[in-house]
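Residue strings, one per chain:
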Amino acid sequence: MGFCGSRDDALRVDNGVLQNECFVDVLNIVPHAIFLLISVFILIVWNRSVLGQLHVTTWVHYHGHSLRWTVTIVLVISCVVGIAEGVMSDYMDQDTVNVHAFLPQCLALAAALGSITYYHNVEQWNSPRFLLVLMGYWLSMIVLKFLKAFSLYKNDVTHIHLRVWLTWFDVLLYLILLGVELNVLRVQRYAFFKKYIPAHSSKELGTSKYIHDHVNLLSKASFWWLNSTLMEGYRTPLEMEDLGPLPKTEGAVAQYAKLHASFEEEKYKASCRNQSPSFHKSYLRAFGPMLVFAGVLRLLGVLLSFVGPWCIEHIVDYSYKAKSHTNTSQSGPTVQTYVINNGTDNSTFSTLPDSKNTLLYVEVSSFFSNGYVLCVILFIGTLLEHTLMQNHHFIVIRQGVRLRAALQTMIFGKALKLSSLVINSGKMTIGQIMNHMSMDTVFLMHLFFFIHFFWGGPLQIILALLLMYYKLGWSAVIGGSLVILAVPLQYFAGSGLSNVQKKCMSKADKRVKKTNEVIQGISVVKLLAWEPFFTKSITETRTDELRSLYFNSLFRVLLSFIGIAVPAIGTMLAFLIHPYLEDEPFTVGKALSTLSLFNLLQLPCWLITHFVNTFVTANVSVKRLLPYFLAEEVEGPGGRGAKTHTHSIGVETTDLDSIRLGLVVDISNGTRKTSSLLRKDEDTSSLSSLESTYSRTPMHSRHGSRASLLDTHEPNKRASIGRTSAGSVLTVSEPAEPGRRRHTSGVSTEDEDDVADVTTVIEPRATVEVVHGNFSWELESKELSLKNINIKIPSGKLTIIVGPVGSGKSSLLSAVLGEMITVSGTVDWNRGTRRAYVSQKPWLLNASLKNNILFGQQFQWRRYNKVLQACALQPDIASLPAGDNTEIGEKGVNLSGGQKQRVSIARALYSKADTIILDDPLSALDAHVGKHVFEDAILKRLLRRKRTVILVTHHLQYLNQANHVIVMKEGSVQYQGKLTDVKKVDPDLYESWRRALRDFKSTQEPSQKETLGTDNKELPEHTDSDVALVSENLLRPEGHRRPSGQMLGSLSHRRLSTQLSNMEEETTSQEGNEMEDHSHDKGKGNHDRNKAVNDTETGSKVDADSSGKLIKKEHREIGAVAMGVYVRYGQACCPLLAVIVLMIYVIYHACFVGSNMVLATWTEAITDYETRKQMSSNFTETFDNGRYMRIYSILNLSGIGGAMLASGLLYIAAIKASKVLHSTMLDTILHIPIRFFDTNPTGRILNRFSSDMSQIDQHLPNTLENLMKCFFLTISALIVNSIGTPYFLLAAIPLVILYFCIQTFFRATTRELQRLDSLTKSPIFSHFSETLNGLQTIRAYKAEGQFQCHAIQAINNNTTPLLFIHSVNRWLGIRLDYMGAVVVFLAAVSSLSACLAGQTTPASVGLSITYALLVSFYLNWIVRLSAETEMMMNSVERVDEYTQLDTEPVRHPEGNLIVDKTWPENGEIEFLNVSLRYEENLDPVVNEASFIIHGGEKIGICGRTGSGKSSLLLSLFRMIDICQGQILIDGKDTMKIPLPELRSKLAIIPQDPVLFEGTIRYNLAPKCDISDERLWLALETVQLKDTISALPEKLDSSVSEGGENFSVGQKQLFCLARAFLRENQILILDEATASIDLETDSKLQNVISTAFQNRTVITIAHRISTILKYDRVLVMDNGHIVEINTPEKLLEDTDSHFYALVHQAKK
């Protein structure tokens, strides 16, 4: 033995050096050895240096990075093949061992691996000069490989030998690598050039942990880069901080830009074709390129999937041939070589030639027909197939996640522009829009996951059919054609599933919408004891939904059955008819290869079925989304309508309205070019309104505007406008110097606090002007709600709008804000006007009180404190646990109604708006606070600073202060002008106001009585002109006329103001544009970020904890899903049914395994029969196929039937579990204490009923079915391999252990990622819900950009764990695939070796490999599906958490009292030392209250805002905890009376009225148990009969979601009507008439005094006049009852609190 062999002539060079192959092989070793030595030395020296010790967080990719890695990997495979070829060639030489035949290839393999390791380190060092070593190595190898090729040629080695092909292939690979090296040198010029061009690493490296795009190709392909994250997740539960920030390339902004531009292009093309745009084309155009690349990977993977069936046939044939030659003798000096070529016996005898010292090289056909080589080919083919498929999965899933982020951003952006009419009209509900965000985006994401199965499945089926025809002829084609014939059946089932899926989603929408309404109005539901009714209503909708789910499951079972039955029946049919159609009997190899092909058909059949399900669902989602994206948008500046304009009145600015981020189509020279630019388009929607671009800093340029997504995330970029040659295109660039922001009066809003209070300036003529305006709330009918509106709002003045309930006051504000449809006329705003809006129903953020006031503006201490003082918020803040850092709960639950309204007013004051629109905010304030706010906030804070104020109010006493009065009546302007002119123009109206004020004046001191038409001494000195001053002065009574000197002083003030405005310098810091970052708790929800607000609560005072936090962190389980969750799900499924399903699964898989073993035995018997027949000339025995056919058919049909039965029963059990879980959760949620809703956002609760229930209803059953199928198929494969080759167990056991270790390692991380995904979803939906409910306020403030930024941040926070989830799934998948490839290799080698040793049959070899190929596939799916199941069970866990919550106590520990139906007969209420609190860990909000209210007594309760009035009354309903004392009603302890009975015996009109979607009849009497006569009587009583009678459908007229088609005052009247209809002995009114005009209020008070004459009435009122005629008044202060007596006696005591409230003596 020697390097060149042991023959004497091994070293001879007589015929030339090149003819001595050993010498040439030695030369080929030299470059490998030298390179290895140099590279190892460099790596060791560098890594031991100081630089090498540094942890590398950044690296670069040189040009040709991926190509280099790909070619090197191919080179490694070539070296492995070369080693195998060398060993086989050496084996053919029986006389000696020729080390040179394989040693150079071994060194080449080491050098190839070393080269890529060396290159990887050079990239990390970013030192390209080290690449010169590689360049020299590639060059030397090219030269020596050419020498090797020439040497082979000289030795007559031809193309039939494998060595020649390998040599030239290596030459090609080294040439490519040299080309890559030269290209890097050309680009970077790191050597031989004067100027070096360095490569730079990505800025995101070192911060983001999602580094897939930055790692090397091998790490990408194998997902090695995730090891550190998985290790960290295995050690400790992952938090959001552990994942790092999301790369910008994966962020919502980048994805939105692509999708939005594509959709705009599609809309343009569709409009040219006069067609509806296709959203499918839009998202495919946006995300198509990477999908095409993924399709290429899938195509290669599909082709490689046929390597297995091809190898099975040839390995089995090799086994038969090998066994037949085991007894062949070998003799003489010749070398006998056994060769299998294409299934034929090619025994080749080759004698070593004496003339040449050459090897006998193996031929190509001989090499690839060897059984063990085939096992290696099978192994490598399986590795490559799985690598390609896993990377295909990764790409399509990442594109799906990107699509979801883009869709969610696009849906949110559309919501900001969506017309309120779309929601109010019922055309779209908030629940439906929420479903777009939560469900439709997910369905479209899933479509991308399976998009290539649309063509990949059919391609795989066609190729399989062709191969089967080649193997078994027409019988296989007939069997395989069943797959094609099943396509129409699949189409039918898919169409049926599509229709049923639409119904399921529609009914789910209805259920979620009803649930949302109940959660939003939960306080009213509880107060009225309507839980049973709404439980029944939601349950009926749920039952209807479950009925659709049953049909949905039926089609899913049918599709699943098709996927299993078609390949099984096809296989059975092919083998049964083969003996009758084909003359040639099938061999074991062909039969098992065909069986493997039929197994291969199961995957595309199943995946096509799954794709049909996914596509159907996604198509339904697209049909739902497209109308939403095309829905009507809001009018107004920056909106889509052209009828609401911004124009210049007295101020020169540039009109930048209607600029939007969109698609610009530039048509020139007959070509069309598209790009995403900012453009001006008055006819389409606007994403950004940049009217103040020139006048603000970069931060300001985004605040108060509908800034585009790209702009809002690039704060350092400024926009300026310049027109291009394309007429409608606007370009964006940076302006030179931004100016100061000024409102329309010319006063700098930044320095307004430093301008003298008395300063006046020359004003523009009007802030807003409506000309011939006709407005409608109806999208379709355009029925006019406001008719012939012609108004002018003077700038810098106070305009008051008054009128009776339902006259159109709030509608008028909506019209000027562009929220209504402008049927005709125009609304003209002064350009540059910045608006602030305070809605009638206060809208607050779920953030701190300070952030609610700042609303994204920069904090300025001085300004902030002045605003607090003006809104009388300082005492309230002092009482909060964390001051102004106290978190305001969702819907402002921890603030009273007055406090919420004052926070809204403070927000408007703090803003830099020059026009403040106030929609009756004073109605929620008591008399003292209301007057303070009016005087300090409106008169002093706003009007003295020349800010325009538009105030809607029912408080007529403030009319004296108005410069302009607008009177609304029945949707028209009855009068507008000065108050002093009303008496002349409309004496009747003037007199009605005087009568309405009579009661109010009676409460004032004589010196403080106000008379219409008289001036107040604090009236600001601002009028339209000197003439107006004189005219107004002449109209005043003589004693109140202003001296002429004062008028002259006013003129001088104006001149002074003009000078000041020209000379003032900027003194305040520029305000930030984005809302302050709110603290959030490591991915568990952003509690200072916006949460869902749809409605307001009862106005009760709810305390936060000492840290100021009210909203609790969402509960998060740690570790694996508890076994108890699985047990409870099984119990919900019905345990007996679950056991039956499990047994059927075992039986039907056993049937399929048995049928395959029968097939193997059958084909083996046929082969033996044919062998015996060929060996004997007089063979007369016949072969009986019938016995095998019967057994084979029975087992197959039994398995098919069992599969369908198991699938059907599993879906039935799953739907039963869904029903039980939902009903239990609903019942629990409706009966938990109200505090739960104060501390948990609506979005979080609703997420359980929508997203989690959707997972349980539709995804979990399908996942469980697939998991069971894969699990039993894998067990079947292991059993078959163990039976065929017991030695297989020796290798399988360690692999199983490794499998469980990997699974455990993987699940520790993925379960926490799934929980982070679930937790980060809630902030998206909460913020979205909150935004939808505050659209009018957000748009009025032009704060869309701020809210869009928060939405994008929430979406990115959710995208991060989702991307990691799918990436670690691929990490697991590729490792399990590699393990499966090892299983296939071991099964093939062990069974082949056992067969050659005579321990098993060739049929067992083929069957073992066939099932091992299944293991390779299903091992991956088991872990993936088990992880997915655990993720789905996380939804079960979250639902189960809500079913375990503590409900309100139904039974008292001492037993409940039984009361009569007539209880309470007297209505007497007694408080005995009662203290109240909201939670055990909180301080009492009412302390030791003791008093008695006699039956039939009328009691008024008053006190400062937040004094505990509402809390006191809520205790009657046991809505809050009675921590001390007793409350007795007619002598019975309320704690011992069953809650439903207690609440049903009391009537209440809450502070914030709630109406539910439905009809008027439904809202008055949900049980429909009250006659129409009584309903009309109640409506007449509350002054609503005329309004309802005017509606077309009367009592059956629809009420939109939240009652948005009625004013707040009308909603309060509806709630009064409810109370009248209940006819309870006790009536409670919590500021029930606050939003009603004085005249209507007076009428209602008379009705209450008569209709409830003998009943107990308790009223909380801010209008003191409403309770002055009551029997007694109870005064509260800071949670204590300070006095209770008759109004007369309390007023006589000048030191009483009531006297102070009435006469406003305390300030």
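Whatever comes next refers back to the structure up there.
Since this is a predicted model, take the numbers as computed values, not measurements.

**Section: the nonpolar core**
Core analysis: the biggest nonpolar cluster contains 237 residues, and L259, F279, L444, W993 and F1328 have the highest contact counts within it. Ignoring sequence-local partners within four residues, the contact set of F1328 consists of I411, F412, A415, I433, M434, M437 and Y628. Counting 94 residues, the second largest nonpolar core, distinct from the first, contains A1203, I1501, F1556 and I1626.

**Some thoughts on a negative patch on the surface**
A contiguous patch of negative charge on the surface is contributed by E1688, E1692, D1693 and D1695. Here E1688 lies in helix α49 (residues 1687-1692). Relative accessible area serves as the criterion here: at 48%, E1688 is assigned to the partly exposed category.

**Digging into the sheet that holds strand β17 (residues 964-969)**
The sheet built from six strands is open, its strands ordered β14-β15-β16-β12-β17-β18 with mixed pairing. Either end of the sheet is taken by a strand with one partner, and the two such strands are β14 (835-838) and β18 (972-977). Taking the axes of each pair of neighbouring strands and ignoring which way they run, one obtains an average angle of 15° across the sheet. Both strand β15 (residues 915-919) and strand β16 (residues 948-952) contribute to a ladder of five bridges, which runs parallel. Along β16, the bridge assignment pairs T915 with T948. Against the sheet, helix α28 (residues 927-942) contacts β12 (798-802), β15 and β16, and its axis sits at roughly 150° relative to β16.

**A few points about the pattern of salt bridges**
Summed over all chains, the structure comprises 38 salt bridges. In this structure, D1257 and R542 form a salt bridge, with 2.9 Å as the shortest nitrogen-oxygen distance. Residue D1257 is located in helix α37 (residues 1242-1284), and its partner R542 is located in helix α20 (residues 531-581); the two are separated by 715 residues in the primary sequence. Comparing D1257 with R542 shows no difference in burial state: the two are buried. The network of salt bridges with shared partners includes D213, E250, R398 and R402.

**Here we look at the packing of aromatic side chains**
Across all of its chains, the model carries 52 aromatic pairs by this definition. R835 extends its terminal NZ or CZ atom over the ring of W829, reaching a point 4.6 Å from the ring centre.

**A look at the pairing of strand β27 (residues 1626-1630)**
With five of five residues buried, β27 is to be regarded as a mostly interior element. Residue alternation in β27 divides its side chains into two sets, I1626, I1628 and D1630 and L1627 and L1629, and both sets are buried. Looking at chain direction, strand β24 (residues 1546-1549) and β27 are connected through four bridges and run parallel. Bridge pairing in β27 places I1548 opposite I1628. Relative to strand β28 (residues 1656-1660), β27 is paired through five bridges, and the arrangement is parallel. Of the residues in β28, the one forming a bridge with D1630 is I1660.

**Re the packing of helix α8 (residues 227-235) against helix α40 (residues 1344-1396)**
At a minimum axis distance of 11 Å, the contact between α8 and α40 shows a crossing angle of 100°. When the interaxial angle is binned, α8 and α40 end up roughly perpendicular. Between α8 and α40, the contacting residues are N227, T229 and L230 on the first element and F1364, V1368, W1371 and R1375 on the second. Here the residues of the contact of α8 with α40 sort into four nonpolar, two polar and one charged.

**Thoughts on empty space enclosed by the protein**
Its volume calculated, the second largest cavity comes out at about 400 Å³. Surrounding the second largest cavity, 27 residues form its lining, I564, N599, Q602, F1152 and L1273 being those nearest its centre. Where the lining of the second largest cavity is concerned, the elements lending two or more residues are α20, α21 (588-629), α34 (1135-1175), α35 (1186-1230), α37 and α41 (1402-1443). Within the lining of the second largest cavity, the residues separate by chemical class into 16 nonpolar, 10 polar and one charged.

**Concerning the environment of Q858**
One can find Q858 in the loop between α24 (849-854) and α25 (861-870). Accessibility expressed as a relative area gives 30% for Q858, which makes it partly exposed. Taking the C-alpha atoms as reference points, Q858 and S911, 53 residues apart in sequence, are found 10.0 Å from one another.

**With respect to the sheet that holds strand β21 (residues 1498-1503)**
Pairing is mixed in the open sheet, where six strands are placed in the order β24-β27-β28-β21-β29-β30. Looking at which strands have only one partner, the edges of the open sheet turn out to be β24 and β30 (1680-1685). Here the strands of the sheet are splayed against their neighbours by 15° on average, with no regard to which way each runs. Note that β21 and β28 share four bridges and pair parallel. Paired with I1501 across the strands is I1660, a residue of β28. Strand contacts of helix α47 (residues 1608-1622): β24 and β27, with the helix running at about 170° to β24, the strand carrying the most contacts.

Rules used in this analysis
- Residues numbered from 1 in each chain as written.
- Predicted model: local features only at pLDDT ≥ 70, side-chain atom pairs only at ≥ 80, totals over all residues.
- Heavy atoms only, no water.
- Core = buried A, V, L, I, M, F, W, Y, C linked by side-chain atoms within 4.5 Å.
- Buried < 20%, exposed > 50% of the residue type's maximum accessible area, 1.4 Å probe, protein only.
- Contact = heavy atoms within 4.5 Å.
- Patch = residues over 30% accessible without salt bridge, like charges linked within 9 Å, V, L, I, M, F, W, Y side chains within 5 Å.
- Areas by Shrake-Rupley, 256 points an atom, 1.4 Å probe, with all protein chains shown as cover.
- Salt bridge = Lys/Arg side-chain N within 4 Å of Asp/Glu carboxyl O.
- Lys, Arg positive; Asp, Glu negative; His and termini not counted.
- Charge placed at Lys NZ, Arg CZ, Asp CG, Glu CD.
- Helix = DSSP H or I, 4+ residues; strand = E, 2+ residues; numbered from the N terminus.
- Pairing = 2+ DSSP bridges.
- Axes fitted to C-alpha atoms, helices over the stretch in contact; angles between N-to-C directions.
- Phe/Tyr/Trp six-rings, centres within 6.5 Å; stacked < 30°, edge-to-face > 60°.
- Lys NZ or Arg CZ within 6 Å of the ring centre and 35° of its normal.
- Parallel < 35°, antiparallel > 145°, perpendicular 65-115°, else oblique.
- Nonpolar A, V, L, I, M, F, W, Y, C, P; charged D, E, K, R; others polar.
- 1 Å grid on protein atoms, 1.4 Å probe; cavity = no way out; pocket = protein on both sides within 12 Å on 5 of 7 lines; lining within 4 Å.
- Points joined across faces, edges and corners; volume = space filled by probe spheres on them.

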